Amino acid sequence: SQELEQSPQSLIVQEGKNLTINCTSSKTLYGLYWYKQKYGEGLIFLMMLQKGGEEKSHEKITAKLDEKKQQSSLHITASQPSHAGIYLCGADEGGSNYKLTFGKGTLLTVNP
Amino acid sequence: DTGVSQNPRHKITKRGQNVTFRCDPISEHNRLYWYRQTLGQGPEFLTYFQNEAQLEKSRLLSDRFSAERPKGSFSTLEIQRTEQGDSAMYLCASSLAGSGDGYTFGSGTRLTVV
């Protein structure tokens, strides 16, 4: 089965700083999803990447999928307290198009 | 449409009792998914429906778990004879097959078995 490893497990940054979260897969990524989760709540969809080398941005968040489609990164520019939460990467397992395998998440704290 | 709705938000039950959760997906979504998430872990796939048909069940879904989507709209997840190990957040998601829009998750139902 596919395994996703996220790094770092947790991250504390000062407001205004840039940061990067990584997601590495044990197998080829056919569809890679980034979600944000507030503690005790559901998942908020951020972005989906499918093609090698693909890059998408939304507001101050940019996600990339490497050419080999085994690693993705999420970059936040000029972080704000509103960016705090748990960031999860999820992958369509084996290209199933219906079953997501998730990493354990990265807990982001942004200090004002 | 206000997204994926789950009820209740929280449920505390005694060990051995049965519980049922409900999920109302986005109305035009034909696929519905259940996931379970424990503290410090990512969500784990439990099962999914396309319309009213349950097409896959994870081995995590023991015989005490049953899910239904009788009319291809809302879904229920029932856990019989609850155990402390069932304590978790149960998340529902929906999607429109072939749309490429991804999965929309609900806010989840947090189950605590005491």
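A few points on the structure.

1. Quick word on the overall build of chain A
1) Next: Assigned secondary structure in chain A consists of zero helices and eleven strands.
2) Next: Principal axes of the C-alpha set define a box for chain A whose edges measure 40 × 30 × 20 Å.
3) Next: In chain A, which comprises 112 residues, the proportion classed as buried is 46%.
4) Next: The contacts in chain A between residues at least 6 apart in sequence include a share of 53% that link residues at least 24 apart.
5) Next: Of the accessible surface of chain A, which amounts to about 5,600 Å², a share of 46% is contributed by carbon and sulfur atoms.
6) Next: With 12 positive and 11 negative side-chain charges, chain A shows a spacing of 1 Å between the two charge centroids.

2. A closer look at the overall build of chain B
1) Next: Helix and strand counts for chain B come out as zero helices and eleven strands.
2) Next: Shown N-terminal to C-terminal, the secondary structure of chain B runs as helices and strands in the order β-β-β-β-β-β-β-β-β-β-β.
3) Next: For a compact globule of 114 residues, the expected C-alpha radius of gyration is about 13 Å, and chain B comes in at 13 Å, within 12% of that figure.
4) Next: Across its three principal directions, the C-alpha atoms of chain B cover 40 × 25 × 20 Å.
5) Next: Every one of the 114 residues in chain B was classed for burial, and the buried ones make up 46%.
6) Next: The long-range fraction of contacts in chain B, counting pairs at least 24 apart against all pairs at least 6 apart in sequence, stands at 53%.
7) Next: Accessible surface for chain B amounts to roughly 5,600 Å². Of this, 43% is attributable to carbon and sulfur atoms.

3. Section: the interface of chain A and chain B
1) Next: Each partner contributes to the interface: chain A provides 19 residues, whereas chain B provides 23 residues.
2) Next: Summing both partners gives a buried area of about 1,700 Å² for chain A against chain B, and 52% of it is carried by carbon and sulfur.
3) Next: When the area that chain A buries against chain B is broken down by residue, the three leading residues are Leu 43, Tyr 98 and Lys 104 of chain A, summing to 32%.
4) Next: Lys 99 of chain A is the partner of Glu 56 of chain B in a salt bridge, and the nearest nitrogen-oxygen pair spans 2.6 Å.
5) Next: Run the count over chain A and chain B and you get six residue pairs in polar contact (both at pLDDT 80 or more).
6) Next: Elements that contribute at least two residues to the side of chain A that touches chain B include exactly strand 4 (32–37), strand 5 (43–49), strand 9 (85–92) and strand 10 (100–102) of chain A.

4. Side note on the packing of aromatic side chains
1) Next: Considering all chains together, one arrives at 14 aromatic pairs over all chains under this definition.
2) Next: For the pair Phe 21 of chain B and Tyr 90 of chain B, a centre-to-centre distance of 5.4 Å together with 40° between the ring planes defines the contact as tilted. With a gap of 69 residues between them, Phe 21 of chain B in strand 3 (residues 19–24) and Tyr 90 of chain B in strand 9 (residues 88–95) connect regions that are remote in the sequence. Taken individually, Phe 21 of chain B and Tyr 90 of chain B each receive the classification buried, so the pair is uniform in this respect.
3) Next: Note on Tyr 33 of chain B and Tyr 48 of chain B: the rings are 5.6 Å apart at their centroids and 15° apart in plane angle, and the pair reads as stacked. You can see Tyr 33 of chain B sitting in strand 4 (residues 31–37) and its partner Tyr 48 of chain B sitting in strand 5 (residues 44–50), a full 15 residues away along the chain. Neither Tyr 33 of chain B nor Tyr 48 of chain B differs from the other in exposure class; each is buried.
4) Next: Aromatic rings pair up to connect Tyr 33, Tyr 35, Phe 45 and Phe 102 of chain A together with Tyr 33, Tyr 35, Phe 45, Tyr 48, Tyr 103 and Phe 105 of chain B into one cluster.

5. Section: the nonpolar core
1) Next: Ranked by internal contacts, the top residues of the largest apolar core, which has 22 residues, are Leu 19, Leu 32, Trp 34, Leu 74, Tyr 87 and Leu 108 of chain A.
2) Next: Secondary-structure elements contributing two or more residues to this core are strand 2 (10–14), strand 3 (19–25), strand 4, strand 5, strand 7 (61–65), strand 8 (71–76), strand 9 and strand 11 (106–111) of chain A.
3) Next: Setting aside residues no more than four positions away along its own chain, Leu 108 of chain A makes contact with Leu 11, Val 13, Leu 19, Ile 76, His 83, Ala 84, Gly 85 and Tyr 87 of chain A.
4) Next: If you look at the next biggest cluster of nonpolar residues, it comprises 19 residues, including Phe 21, Leu 32, Trp 34 and Phe 49 of chain B.

6. Structural notes on the environment of Asn 51 of chain B
Residue and element names in this part refer to chain B.
1) Next: Take Asn 51: it is sitting in the loop between strand 5 and strand 6 (53–57).
2) Next: For the pair Asn 51 and Gly 108, spaced 57 residues apart in the sequence, the C-alpha separation amounts to 21 Å.
3) Next: If sequence neighbours within four positions are ignored, Asn 51 has contacts with Asn 30, Arg 69 and Gly 72.

Rules used in this analysis
Residues numbered from 1 in each chain as written. Chains lettered and ligands numbered in written order. Predicted model: local features only at pLDDT ≥ 70, side-chain atom pairs only at ≥ 80, totals over all residues. Heavy atoms only, no water. Helix = DSSP H or I, 4+ residues; strand = E, 2+ residues; numbered from the N terminus. Buried < 20%, exposed > 50% of the residue type's maximum accessible area, 1.4 Å probe, protein only. Contact = heavy atoms within 4.5 Å. Areas by Shrake-Rupley, 256 points an atom, 1.4 Å probe, with all protein chains shown as cover. Lys, Arg positive; Asp, Glu negative; His and termini not counted. Charge placed at Lys NZ, Arg CZ, Asp CG, Glu CD. Rg over C-alpha atoms; globule rule 2.2 N^0.38 Å. Buried area = accessible area lost by both parts, 1.4 Å probe. Salt bridge = Lys/Arg side-chain N within 4 Å of Asp/Glu carboxyl O. Polar contact = N/O pair within 3.5 Å; in protein donor to acceptor, adjacent residues only side chain to side chain. Phe/Tyr/Trp six-rings, centres within 6.5 Å; stacked < 30°, edge-to-face > 60°. Core = buried A, V, L, I, M, F, W, Y, C linked by side-chain atoms within 4.5 Å.

Honestly, that's just the spatial picture; any functional story needs more than this.
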